[in-house]
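Here is how the chains run, residue by residue.
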Amino acid sequence: MKKALALILAAVMMMALAACGGSKSGEKTLTVATSPDFPPFESLDGTKLVGIEVELVDAIAAKMGVKVEYVQIDFDSVLNGVQAGKYDLGMSGISVTDERKENALFTDPYCLAAQAIVVVEGSDIASKADLDGKSVSVQTGTTAELFCNENGYKVSSFAANSDAESALVTGKVDAWVIDDLTAAEMVAVYNQNAGTKLVILDEAMTTEPYALMTKKGNDQLIADINKVLNELVADGTVAKLFEKYGAPYTSPKQ
Ligand code: ARG
């Protein structure tokens, strides 16, 4: 039901946008694809898109004098759609990797994140080494999925992050691998009401910088965004956004 309603709403909004040409005052509109299942970077508060990256992209657009239209889709579709040029920009806590750089362009990174291992309290998995031969849940298309496949774990992939979490909670997998700050937020929310708690291991899997992504050839857009993005990093706006969302900020320049 909810999904159907969301689809109808999306269709109505698209028609409204088409009707006014998407740019009332001749202002340019950037279409930004996002998977809002990734707090504190992008998530839904009711139907409102909130998070560090939402405010960051809004600030970038304001400085550039362009408008933003957000499109909500699964993470995997963000990567594919942006690469194909269906959307101008991908905003989804996207980690910069050499592999992705072969098919897309990235802005400068604005923070550093890590992949965390989440288990159920009392689990015999206490470190990365304990994970050998175990089963893990991940989100489809993520660096977590890539890393876990490369390291020979039994991987179950889910389009939505919440389903990857459920797989752990219901005992279908031994661990859930997900970006550290999102793990912290989702585990804190889960543990508020849960009998059996979730635990984030101290040892992280990898560290990865986050950036915004566009298709190959969009070099001018990258240059324009980098200019304002670097100002927002340098003047402390980005660090303040992390603070606002209660997340520790790690600069990409380590
Ligand atoms: N940082 C990871 C990656 O780039 C996961 C990002 C997931 N993002 C999301 N909005 N669900 O693969």
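Residues numbered from 1 in each chain as written. Predicted model: local features only at pLDDT ≥ 70, side-chain atom pairs only at ≥ 80, totals over all residues. Heavy atoms only, no water.

### Details of the overall build of the protein
The secondary structure content of the protein amounts to nine helices and 14 strands. Residue burial in the protein is summarised as follows: out of 254 residues, 44% are buried. Contacts in the protein between residues at least 24 apart in sequence constitute 72% of all its contacts with a sequence separation of at least 6. (Helix = DSSP H or I, 4+ residues; strand = E, 2+ residues; numbered from the N terminus. Buried < 20%, exposed > 50% of the residue type's maximum accessible area, 1.4 Å probe, protein only. Contact = heavy atoms within 4.5 Å.)

### Quick notes on the sheet that holds strand β3 (residues 42-45)
Pairing in this open sheet of three strands is antiparallel, and the strands run β2-β3-β4 from one edge to the other. Every other strand in the sheet has two partners, leaving β2 (37-38) and β4 (48-50) as the edge strands with one partner each. As paired elements, β2 and β3 share two bridges and run antiparallel to each other. Bridge pairing in β3 places aspartate 37 opposite serine 43. (Pairing = 2+ DSSP bridges.)

### Here's the deal with the nonpolar core
Note on soluble globular proteins: their nonpolar side chains tend to be buried together. Counting 29 residues, the largest nonpolar core has Phe41, Leu56, Ile60, Tyr110 and Phe242 as its most contacted members. Those elements that provide at least two residues to this core are β1 (29-34), α2 (52-64), β8 (111-120), α8 (219-234) and α9 (237-244). Within the second largest apolar cluster, 14 residues are counted, among which are Val119, Cys148, Tyr153 and Ala175. (Core = buried A, V, L, I, M, F, W, Y, C linked by side-chain atoms within 4.5 Å.)

### Some words on the site of the ligand
Close to the ligand lie 16 residues; Ser92, Gly93, Arg100, Thr143 and Asp179 are nearest. A distance of 2.9 Å separates a nitrogen atom of the ligand from a polar atom in the side chain of aspartate 37. Starting from 350 Å² of accessible surface for the ligand in isolation, the protein chains cover 100%. Here the residues of the shell around the ligand sort into four nonpolar, eight polar and four charged. (Near = heavy atom within 4 Å. Polar contact = N/O pair within 3.5 Å; in protein donor to acceptor, adjacent residues only side chain to side chain. Areas by Shrake-Rupley, 256 points an atom, 1.4 Å probe, with all protein chains shown as cover. Nonpolar A, V, L, I, M, F, W, Y, C, P; charged D, E, K, R; others polar.)

### Some remarks on the environment of alanine 84
Within the fold, alanine 84 resides in the loop between α3 (75-83) and β6 (89-90). Considering only alpha carbons, one finds alanine 84 and asparagine 103, 19 residues apart in sequence, at a separation of 9.2 Å.

### What about helix α6 (residues 161-169)?
For α6, the full list of buried residues reads Asn161, Ala164, Glu165, Ala167 and Leu168. The arc that holds the buried residues of α6, viewed along the axis, is 155°, so those residues lie on one side. Directly beyond the C-terminal end of α6, a positive phi value near 75° is found at glycine 171. (Arc of directions from axis to C-beta.)

### Side note on unusual backbone geometry
A cis amide bond links proline 39 to the next residue, proline 40, at an omega of 5°. For proline 40, the location among the structural elements is in the loop between β2 and β3.

### Concerning a negative patch on the surface
Judged by side-chain charge, Asp124, Asp130, Asp132, Asp174, Asp202 and Glu203 come together as a negatively charged surface patch. The residue aspartate 202 is located in the loop between β12 (198-200) and β13 (207-210) in this model. Residue classification places aspartate 202 among the exposed residues on the basis of a relative accessible area of 81%. (Patch = residues over 30% accessible without salt bridge, like charges linked within 9 Å, V, L, I, M, F, W, Y side chains within 5 Å. Salt bridge = Lys/Arg side-chain N within 4 Å of Asp/Glu carboxyl O. Lys, Arg positive; Asp, Glu negative; His and termini not counted. Charge placed at Lys NZ, Arg CZ, Asp CG, Glu CD.)

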